[in-house]
Every structure is written in C-alpha cells, then in structure tokens.
Amino acid sequence: MKNVAVIGSGTMGNGIAHTFAQFGFKVSLIDVSQDALNKGLTTIAKNLDRQVAKGSLTESDKESTLTNITTYTDLKEGVANVELVVEAATENIDLKLKIFKDLDACTSPNTILATNTSSISITKIASVTTKADKVIGMHFMNPVPVMKLVEVIRGYATSDEVAAITMELSKKLNKVPTEVNDYPGFIANRILMPMINEAIYSLYEGVAGVEEIDTVMKLGMAHPMGPLQLADFIGLDVCLSILNVLYDGFGNPKYAPCPLLVNMVTAGYKGVKSGEGFYKYTAGSKDLVVSDKFKK
C-alpha cells in the first residue's frame, strides 16, 4: 500500500496526512475548498518545523513529507487509484454517511474505507456502502503525529483481512493499534467522556472550581492535563456530540450531557477553537487563564 487519501484538512485530517506522508506514503488531501487545504498545509509545515527543531526530523525529511502530499477539492479525482481512504470530516453522522455513499461510488471494490470517527457506529457508516467488509474505524488521537494510539474498530461486517491490514498499516506509522468492537464510544471515549462530563457536573454543582478540579486530577491521578482543560482542547462541541452518541446509543442517563456543557456549546464557547471555554486562550500565549465566567 503506497497511495492514501485523507478527507478533511482540519486538526485531525492534517495530522493524519502529515503522519502518512512522513512515513513515505503518497497522500491525497481532500477538502471542500482550497483555502481549507492551504490552512491544513500551513499547519503541517509548522508541525514539521517543530520536529526539525527538536531533532526528530531533518530538513530533508520535512521537504519529502510535504512533497508526498497533493491537495484536491474534487473527491472523485482525489481518491482515484488509492488503496486506502481515511475520512476525517466533522463528527456529524449525516455528513459521514454522505461521504461514504459517495466514496462507494467512486472507489475500486478493493479500496479500504476507514473513518476517524471518535464515536459514530462503523456498522452504520458501512451500511450505506456496497462493501461493508472493507469499512473500518481508524481512530487516531490528537495530536496525531505525536500520540501513539490508533483505536481500530471493526464494524459488524468488517473482514478479518481488512482488520489485519489496518493493524499492520498502523504499525508502519510507528503507532500502537488496539482492536475494539463497534459499540457507542468504542473504548477511548466510552471511558473518557463520562469522566469529562462528571468534571463538568462537579463544576456545575459548585463542588469545586475549574482550577481545583483540574489540579486534583493532574496531581492526584497523574493526568497530563485536567479534564476541563482537555475538554477545551478536544472541543466542547465535540464532547457534547460524543456524549449524545453515547446517550442515544445506550439509553442510559449516566451519559446525559451536563446542562452547563449544553449551554456553553449553544452560546459558542467551544474551548480552544473558539478562544474560550473553561479557560481563555490568547494566540501566542501559553498561560492558562480561567474564563471570567468561572472566576470566584
């Protein structure tokens, strides 16, 4: 396998494209506009510069990585002659179903169709294709070039061959693939999101403040960042979307999103991406400043 297409040039998509290209794959990076693609390429170049500065890559490695990426705004053109497609579009089921229906029509019968979804059913996505055996989940972690885990999710009809190829391919990217079955939230988010939701409930109910909650989890549980900061980093809208998938999928009230989270997303406070969530974010500053909404 040498030719890969990545759909979506946002945070996850450009990270996935970066990683495949760095390990010698020819990558077609696809998005709806050239502006979006240019932003993605700029991010990849900046992240490669960081790797060069740290000594983990040479300048020559950086240039060859960028050379391995070609951008497309036309889906059919972008996926022509690729052996694998990794979809990394917005975590929206209707959008993903449309993309996979389109992919089914314009890829060869042997092309593996993977999705980077963090919670949506692989079986549901595969149901709109004529080759459900070739559909699989490849859930990379953010930031993709740094994080080792790839959660490999088998849909109900995913073949053993496709699962084995995906596991081996992940290893070629210097990742650690872990195979799980197709149930809401898989493993990573089935465990992570209730913890984040409980942290938000603790804030909502006045048990402790933002800094106090994050400090307890960082120092008491050795987490690299607290759950509220992590929620901001993931995107509060993404957290809400995943919790809704869990709640709808299991019908269990323990997955019901905290009303505070719902209100924040409705009001446009989405975390790092919007400049404010539980903390405020200023370009160029690494200082962690609690949002005025939550200051005592």
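The rules behind these values
- Residues numbered from 1 in each chain as written.
- Predicted model: local features only at pLDDT ≥ 70, side-chain atom pairs only at ≥ 80, totals over all residues.
- Heavy atoms only, no water.
- UniProt positions renumbered as here; feature names shortened; annotations may be inferred.
- Helix = DSSP H or I, 4+ residues; strand = E, 2+ residues; numbered from the N terminus.
- Contact = heavy atoms within 4.5 Å.
- Pairing = 2+ DSSP bridges.
- Axes fitted to C-alpha atoms, helices over the stretch in contact; angles between N-to-C directions.

The protein has the name 3-hydroxybutyryl-CoA dehydrogenase in an unreviewed UniProt entry, where Solitalea longa is given as its organism. Quoted straight from UniProt, the Sequence similarities (unreviewed entry) entry for the protein says "Belongs to the 3-hydroxyacyl-CoA dehydrogenase family."

Digging into the environment of L66
You can see L66 is positioned in helix α3 (residues 59-67). Here the alpha-carbon distance between L66 and A45, two residues 21 residues apart in the chain, equals 7.4 Å. Setting aside its immediate chain neighbours within four residues, L66 contacts I44, A45 and L48.

A look at the sheet that holds strand β2 (residues 26-30)
Pairing is mixed across the open sheet formed by eight strands, whose spatial order is β3-β2-β1-β4-β5-β6-β7-β8. Looking at the sheet topology across the chains shown, the edges are occupied by β3 (69-72) and β8 (176-181). Going from strand to strand, the sheet's axes swing by 25° on average, the running direction of each strand aside. As paired strands, strand β1 (residues 3-7) and strand β4 (residues 84-87) are joined by four bridges and run parallel to one another. Bridge pairing links A5 to V85 in β4. The sheet strands contacting helix α1 (residues 11-22) are β1, β2, β3, β4 and β6 (135-140), and the helix crosses β2 at an angle near 165°. On top of the sheet, helix α2 (residues 34-54) reaches β2 and β3; it is set at about 160° to β3, its chief contact.

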